[in-house]
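Overview (structure and organization)
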Amino acid sequence: MKVTALELLRMRNQQGSEPGRRRDDARLALVIEGGSSRGAYSAGMTGAIEQLGILPLFDAVYGSSAGALNGAWMLCGKAESTMHAWWTPEIMRGTIDPKRALRRRPVVDTHYLVHTVYTDIMPMGFEQILASPIEFHPMATDAETGESVDLHPFLHDTPSLQAAFRASTAMPLLTGTPIQIDGRRFVDAGVSEAVPVRTALAQGATHVIALRTRRADERTTPPARIERIVLTRWFTRNAPGALQPWMNRTAIRAQEERVLAEHPGVLQIRPPVGSGDIGRTEVGGSALRAAVDIGRQAAFTALTPLE
C-alpha cells in the first residue's frame with residue numbers, strides 16, 4: 001500500500017475529489033462503531049467531518065447501531081445541527097427509559113426515535129441519504145444465522161431506510177423483538193460486528209477511517225452470569241442464531257481490534273484515554289454533551305492535518 005488513509009484524504013482534498021470523479025483507484029470507507037449511548041462520541045466526530053467539508057472524499061459509510069444513525073445524519077448534511085439531541089432530555093428520555101421494563105415495554109424505544117423524533121421533532125433527510133453518491137451501508141445481525149449483514153441492498157425508499165435504522169439498533173431484550181425486513185429478522189449490528197471494518201474491507205475498501213466509541217484502554221468482557229442467563233433465554237426465543245456470536249463477543253471484538261490495528265490502510269479516531277465511561281443506556285445530559293465535545297475534538301485533532 002503506497003499511501004496511508006490520511007495521505008489519501010489529503011491528496012483527494014487537494015484535488016477537489018468527488019464521488020464519480022476520482023483520480024485514483026482507491027476505495028475509502030468511513031466506518032462508524034456502535035455502542036448505543038456511546039454513540040455520542042461518534043456524533044461529535046461526524047459533526048467535525050461535516051464541518052471540515054471532507055465527506056465527499058469518502059466512497060462509502062458503514063455504520064453499526066448508533067454508528068449507522070450518526071452516519072445517516074452526516075449523509076443528509078445535518079450531523080452538526082442535530083447533535084444537540086444527545087443532551088436534550090425530552091429526546092433521550094423519550095428514547096431510553098429503564099422504568100419501561102417494569103411495564104414489560106422496551107427500555108429503548110427505537111420506533112419513537114425513528115418514526116417520531118426523526119420525522120416530526122427533528123426531521124431527517126431520508127431522500128438525501130438515499131440519493132447520496134456516497135454509499136450508505138447500515139449493518140445488522142441476522143437473527144437466524146448470527147451473521148453480520150449489510151443492509152445496503154434493502155434500501156430503496158424511506159420506509160426501508162427507517163426499517164434498516166431499527167434493525168441496526170435492535171439491541172437484544174432492550175428494544176423488544178427483532179426487526180423484520182423482506183422476510184428476514186435482524187437484531188443489533190453490534191452482536192456480530194460492532195466496528196464494521198471486516199465488511200468494508202471484504203467489499204473492496206483499500207483505506208478506512210474508523211470512528212470509535214471505545215477508548216484504547218477499554219476492553220470487552222464476557223457477559224456476567226445473570227446477564228448470560230437472561231439474554232440466553234431471550235436469544236433462544238427470539239434470535240437463536242445470534243446467541244453464539246453474542247456469547248463469543250470477546251473473541252469477535254478482539255479480531256476486530258487486530259484488523260483495525262494491523263491493516264496499513266486504517267486510521268482510527270478514538271476518545272482519548274481518560275474520557276468518561278458512557279453506559280449503553282446513559283441519558284445524563286452533561287455526560288453525553290461532554291462525550292459529543294470530546295468526539296468532535298478528537299476528529300478535529302486527527303483530521304486537521306489535511307489543511
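Residue indices follow the written sequence of each chain, beginning from 1 at its first position. Local features in this predicted model are restricted to residues of pLDDT 70 or higher, and side-chain atom pairs are both shown and tallied only at a pLDDT of 80 or more, whereas totals for entire chains, interfaces and linings draw on every residue. Hydrogen atoms and water are omitted, and side-chain values are computed over all heavy atoms in the structure.

If you look the chain up in an unreviewed UniProt entry, it shows as Patatin from Catenulispora acidiphila.

A separate point is the nonpolar core. Among buried residues, those of type Ala, Val, Leu, Ile, Met, Phe, Trp, Tyr and Cys that are joined through side-chain atoms within 4.5 Å constitute a nonpolar core. Only protein chains enter the calculation, and the probe is 1.4 Å; a residue is then buried if its accessible area is under 20% of its type maximum, exposed if over 50%, and partly exposed in between. In terms of nonpolar packing, the biggest core is built from 58 residues, with Y118, F136 and F165 touching the most fellow members. Helix and strand definitions here come from DSSP, where helices need a minimum of 4 consecutive H or I residues and strands a minimum of 2 consecutive E residues; each element is numbered from the N-terminal end. Among the elements that line this core, the one with the most residues is helix 3 (residues 66–75), at 6 residues. Contacts between residues were defined by any pair of non-hydrogen atoms, one from each residue, lying within 4.5 Å. Setting aside anything within four residues of it in sequence, one finds F165 in contact with A68, L69, A72, V114, M124, F126, I129 and F136.

When you line up the elements, R215 lands in the loop between strand 7 (207–211) and helix 10 (225–238). A relative accessible area of 10% means that R215 is categorised as buried. There is a polar contact of 2.8 Å between the side chain of R215 and the side chain of D277. Dropping the residues within four chain positions of it, R215 is found in contact with R270, P271, P272, V273, G274, S275, G276 and D277. N or O atoms closer than or at 3.5 Å make up a polar contact, with two conditions inside protein: a donor-capable atom paired with an acceptor-capable one, and, for residues adjacent in sequence, both atoms drawn from side chains.

The next subject is helix 10. Every helix has an expected span of 1.5 Å times one less than the residues it contains. The end-to-end C-alpha distance of helix 10 is 20 Å, a good match for the 20 Å that 14 residues give at a rise of 1.5 Å each. Regarding helix 10, the residues found buried are L231, W234, F235 and N238. Projected onto a plane normal to the axis of helix 10, the buried residues spread over an arc of 95° and lie on a single side. Exposed and facing more than 90 degrees away from the buried side of helix 10 are R225, I226, T236 and R237. For this quantity, the arc is that covered by the directions from the helix axis to the C-beta atoms.

A word on unusual backbone geometry. Backbone geometry places S36, a non-glycine residue, at a positive phi of 55°. Structurally, S36 is set in the loop between strand 1 (28–32) and helix 2 (39–52). For S65, which is not a glycine, the phi torsion comes out positive at approximately 55°. Relative to the helices and strands, S65 is located in the loop between strand 2 (60–64) and helix 3. Its relative accessible area of 4% is what places S65 among the buried residues.

Okay, the packing of helix 6 (residues 110–121) against helix 8 (residues 158–168) next. In the contact formed by helix 6 and helix 8, the axes pass within 9 Å of each other and the chain directions differ by 140°. Considered as vectors, helix 6 and helix 8 are oriented oblique to each other. At the point where helix 6 passes helix 8, the crossing takes the right-handed sense. Contacts between helix 6 and helix 8 involve T110, H111, V114, H115 and T119 on the former and, on the latter, Q162, F165 and R166. When grouped by side-chain class, the residues that make up the contact of helix 6 with helix 8 number 2 nonpolar, 5 polar and 1 charged. For every element, the axis is a line fit to its C-alpha atoms; helices are fit only across the contacting stretch, and the angle between N-to-C directions ranges from 0 to 180 degrees. For classification purposes, an angle smaller than 35 degrees is called roughly parallel, one larger than 145 roughly antiparallel, one from 65 to 115 roughly perpendicular, and anything else oblique. By definition, any crossing whose near helix is turned counterclockwise from its far helix by less than a right angle is left-handed, and any crossing with a clockwise turn is right-handed. All residues other than Ala, Val, Leu, Ile, Met, Phe, Trp, Tyr, Cys, Pro, Asp, Glu, Lys and Arg, Gly among them, are scored as polar; the first ten of these are nonpolar and the last four charged.

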